[in-house]
Amino acid sequence: DGGITQSPKYLFRKEGQNVTLSCEQNLNHDAMYWYRQDPGQGLRLIYYSQIVNDFQKGDIAEGYSVSREKKESFPLTVTSAQKNPTAFYLCASSIGVEQFFGPGTRLTVL
Amino acid sequence: QKEVEQNSGPLSVPEGAIASLNCTYSDRGSQSFFWYRQYSGKSPELIMSIYSNGDKEDGRFTAQLNKASQYVSLLIRDSQPSDSATYLCAFWGGYQKVTFGTGTKLQVIP
């Protein structure tokens, strides 16, 4: 089955730790995205990538980093510089303008 | 001014009724519009895309777009309890960026 997978489903981080969220797609989509969703707020774009080895900052990139070494994979690292990382993180991919989402990772800071 | 405005709800409709969800946007350059459905605790699912003025129907769903009024709506006919979810309006204005509203919560009462 084609789709987007994210892991882990739930992630707990201690203060000062970096954590990496995985996103993989087998849809052969060129573009991939990371969003953050907080209660009562819309999805906010963290980073996006249109092709391998290239990515751009979104609206809230501070405290996050990404890589795009393979077309299928777009991992997100939440660094210790991100002061309020507790949120629902969503990965998406697109071919054209329609974006399709993975199941999400819920990150909680302990 | 927010880029995408949606009434947060909840919008309550009885089972079998028509649910009408509305969205306004501020970017006159917006070219493509989307409706996503998001169940509690889950990721958004694309249910409708509309690109030109007028109506687009898909099963029980009808999307309506009026670019002159900067208005897009979603009608759900014969509403079912399984339609209870938050509905996100979104638009693509270029540069690979999709802007999302905060969503309207729909409750279908059996």
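Placed above this text is the structure.
Residues numbered from 1 in each chain as written. Chains lettered and ligands numbered in written order. Predicted model: local features only at pLDDT ≥ 70, side-chain atom pairs only at ≥ 80, totals over all residues. Heavy atoms only, no water.

A. Quick peek at the interface of chain A and chain B. The interface of chain A with chain B comprises 23 residues on the first partner and 20 residues on the second. Counting across the chain A and chain B interface gives one salt bridge. A salt bridge links D59 of chain A to K97 of chain B; the nearest nitrogen and oxygen atoms lie 3.1 Å apart. At the boundary of chain A and chain B, one finds six residue pairs in polar contact (both at pLDDT 80 or more). In terms of residues, the side of chain A that touches chain B owes the most to one element, strand β4 (residues 31-37) of chain A, which gives four residues. Across the side of chain A that touches chain B, the residue classes break down as 12 nonpolar, eight polar and three charged. (Contact = heavy atoms within 4.5 Å. Salt bridge = Lys/Arg side-chain N within 4 Å of Asp/Glu carboxyl O. Polar contact = N/O pair within 3.5 Å; in protein donor to acceptor, adjacent residues only side chain to side chain. Helix = DSSP H or I, 4+ residues; strand = E, 2+ residues; numbered from the N terminus. Nonpolar A, V, L, I, M, F, W, Y, C, P; charged D, E, K, R; others polar.)

B. Local environment of the state of the cysteines. Under the criterion given, the structure shown has two disulfides over all chains. A sulfur-sulfur separation of 1.9 Å characterises the disulfide bridge that pairs C23 of chain A with C91 of chain A. Its S-S torsion of approximately -70 degrees makes the covalent link between C23 of chain A and C91 of chain A left-handed. Placement of C23 of chain A in strand β3 (residues 19-25) and of C91 of chain A in strand β9 (residues 87-94) is noted, with a sequence separation of 68 residues between them. Residue C23 of chain A is classed as buried on the basis of its relative accessible area of 0%. A relative accessible area of 0% places C91 of chain A in the buried class. Covalently, C23 of chain B is tied to C89 of chain B through a disulfide, its sulfur atoms 2.1 Å apart. Judged by the sign of its S-S torsion, about -75 degrees, the bond between C23 of chain B and C89 of chain B is left-handed. Taken together, the residues C23 of chain B in strand β3 (residues 19-25) and C89 of chain B in strand β9 (residues 85-92) connect sequence positions 66 residues apart. By the burial criterion, C23 of chain B is buried, and C89 of chain B matches it. (Disulfide = S-S within 2.5 Å. Buried < 20%, exposed > 50% of the residue type's maximum accessible area, 1.4 Å probe, protein only.)

C. Layout of the pairing of β9 of chain B. Residues and elements named next belong to chain B. Counted residue by residue, β9 has seven buried out of eight residues, so it is predominantly covered. As defined by bridge partners, strand β4 (residues 32-38) adjoins β9 across seven bridges and the pair is classed as antiparallel. Pairing of Q38 across the sheet is with T86, part of β9. Judged from the three bridges that link them, β9 and strand β11 (residues 104-109) form a sheet pairing that is antiparallel. Bridge pairing links Y87 to T104 in β11. (Pairing = 2+ DSSP bridges.)

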